[in-house]
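This is what each chain is made of:
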Amino acid sequence: MYDIIIIGAGPAGLTAAIYARRASKSVLVLEASAYGGQIINTPDIENYPVAAHISGFDFATKVYNQAVELGAEFKFEKATGIEDGGEVKTVRTPRGEYSAKAVIIATGSENRKLGAENEDKLVGRGVSYCATCDGAFFRNKDVAVVGGGNTALEDALYLSDIAKTVYLIHRRGSFRGDAATAEKLKEKDNVRFVFNSVVKKLNADARLRSVEVENKQGETSELEVSGLFVAVGRIPETENFEALAETDSSGYFASGENCKTKTPGIFAAGDARAKEVRQLVTATADGAVAATEAIKYITNR
Ligand code: NAP
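The notes below deal with the structure included here. Everything numeric here is computed off the predicted structure, so don't read it as measured data.

Quick notes on the packing of aromatic side chains
If you walk through the whole model with that rule in mind, you get 10 aromatic pairs. Members of the aromatic cluster, joined through ring pairs, are Tyr 35, Phe 57, Tyr 64, Phe 74 and Phe 76. Above the plane of the ring of Tyr 252 lies Arg 278, whose end atom (NZ or CZ) is 3.8 Å from the centre.

This is the structure we're talking about:
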């Protein structure tokens, strides 16, 4: 029996582990894949206080090591559900069950797919959802990035130093992402903006060969690219927990700034929680808040 089980080892979950351990609570962190969450895909963090210019992977490794050094226990197992027995919560994984007095759900989000023809078939054969993971395979090649948020802008910037040409395809005429990054992109000779356009179909032999793009007038054109980096947002990973932690109409945990869910002793933190600003700094802040609330809950119950 642990004091607190944290589901998810992204920035929110890792920060919650640090706060809980510093309050001498026993902590188990359950993580379905690797520690770090989506920040590991960011090549260069510039907007986190003090940590100017650190890669997302290095950032995550430092926070993970900090949590381990403080005594948090980690198991790399996917939590598939929580049973609320009041004072004892039981978290299920395919390997077994773990009990705790409180649970923090910090499951983050997964890649949203484009839904274009042949997209699924070509994952790993030209289609990628992670520019920093796969960009190096496209040195001096022509690639496209889809999306208009910060991820797409940062991916395009990163790829512009590797690829020959980077097409940035966005369904509207203005970006959702930061103007400062968009300005940097405009200064790149090898970046081409393809506005008001959507990717309809991917053409391939063994690997991706080209993408078919349709503009607002219904005209289609073909861009010859060997890489397509999809950066059209994320989908919150909440589905195993919706019975105990209510979600909003977009599927995010409908918890307020105190990270409380409708179930006493169960808290939601990080990108899977409904919020206005989804940034590294707000994810870590959530981790601190959720752990503090969980500690209060354990003390006062
Ligand atoms: P996002 O901000 O939700 O942007 C998604 C983009 O994809 C939007 O431009 C959207 O178009 C477009 N889109 C969505 N569905 C589409 C579809 N089916 N087909 C074509 N385009 C589609 O997602 P994100 O860029 O992954 O960023 C997620 C959060 O992380 C944001 O809050 C972002 O600021 C943050 N982030 C921060 C940093 C940083 O701080 N350095 C880095 C990366 C991400 P519309 O604009 O038309 O809706």
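Now that the structure is up, let's keep going.
Examining the side chain of Ser 197
Mapping Ser 197 onto the fold places it in strand β12 (residues 197–204). A polar contact is formed between the side chain of Ser 197 and the backbone oxygen of Phe 195, at a distance of 2.8 Å. Sequence-distant contacts of Ser 197, defined by excluding residues within four places in its chain, comprise Ile 169, His 170, Arg 171, Val 213, Glu 214 and Asn 215.

Some details on the site of the ligand
In the neighbourhood of the ligand, 18 residues make up the surrounding shell, with Thr 151, Glu 154, Arg 172, Arg 176 and Gln 279 lying closest. One of the backbone N or O atoms of Gly 148 is found 3.0 Å from an oxygen atom in the ligand. In the model, an oxygen atom of the ligand is placed 3.0 Å from a nitrogen or oxygen of the Arg 171 side chain. Alone, the ligand offers 910 Å² of accessible surface; in the complex the protein occludes 79% of this. Taken together, the residues of the shell around the ligand break down into three nonpolar, nine polar and six charged.

Structural notes on the pairing of strand β6 (residues 96–105)
Residues in a regular strand project their side chains so that they alternate between the two faces of the sheet. In this sheet, β6 lies alongside strand β1 (residues 2–7) in parallel orientation, the contact comprising five bridges. Paired with Ile 5 across the bridge in β6 is Val 103. In this sheet, β6 lies alongside strand β5 (residues 88–93) in antiparallel orientation, the contact comprising five bridges. Within β6, the position partnered with Arg 92 by the bridge is Glu 97. When β6 meets strand β17 (residues 266–268), the two strands line up parallel, connected through three bridges. Directly across from Ile 104, in β17, lies its bridge partner Phe 267.

Considering the packing of helix α4 (residues 150–160) against helix α5 (residues 179–186)
It is the contact of α4 with α5, at a shortest axis distance of 10 Å, that shows an interaxial angle of 30 degrees. What the angle tells us is that α4 and α5 run roughly parallel. The handedness of the crossing between α4 and α5 comes out as left-handed. The segment α4 lies against α5, with Leu 153, Glu 154, Ala 156 and Leu 157 engaging Thr 181, Ala 182, Lys 184 and Leu 185.

Reading the values: rules and limits
- Residues numbered from 1 in each chain as written.
- Predicted model: local features only at pLDDT ≥ 70, side-chain atom pairs only at ≥ 80, totals over all residues.
- Heavy atoms only, no water.
- Phe/Tyr/Trp six-rings, centres within 6.5 Å; stacked < 30°, edge-to-face > 60°.
- Lys NZ or Arg CZ within 6 Å of the ring centre and 35° of its normal.
- Helix = DSSP H or I, 4+ residues; strand = E, 2+ residues; numbered from the N terminus.
- Polar contact = N/O pair within 3.5 Å; in protein donor to acceptor, adjacent residues only side chain to side chain.
- Contact = heavy atoms within 4.5 Å.
- Near = heavy atom within 4 Å.
- Areas by Shrake-Rupley, 256 points an atom, 1.4 Å probe, with all protein chains shown as cover.
- Nonpolar A, V, L, I, M, F, W, Y, C, P; charged D, E, K, R; others polar.
- Pairing = 2+ DSSP bridges.
- Axes fitted to C-alpha atoms, helices over the stretch in contact; angles between N-to-C directions.
- Parallel < 35°, antiparallel > 145°, perpendicular 65-115°, else oblique.
- Left-handed = near helix turned anticlockwise from the far one by under 90°.

Interpretation note: all reported values are geometric properties and have no functional meaning in isolation.
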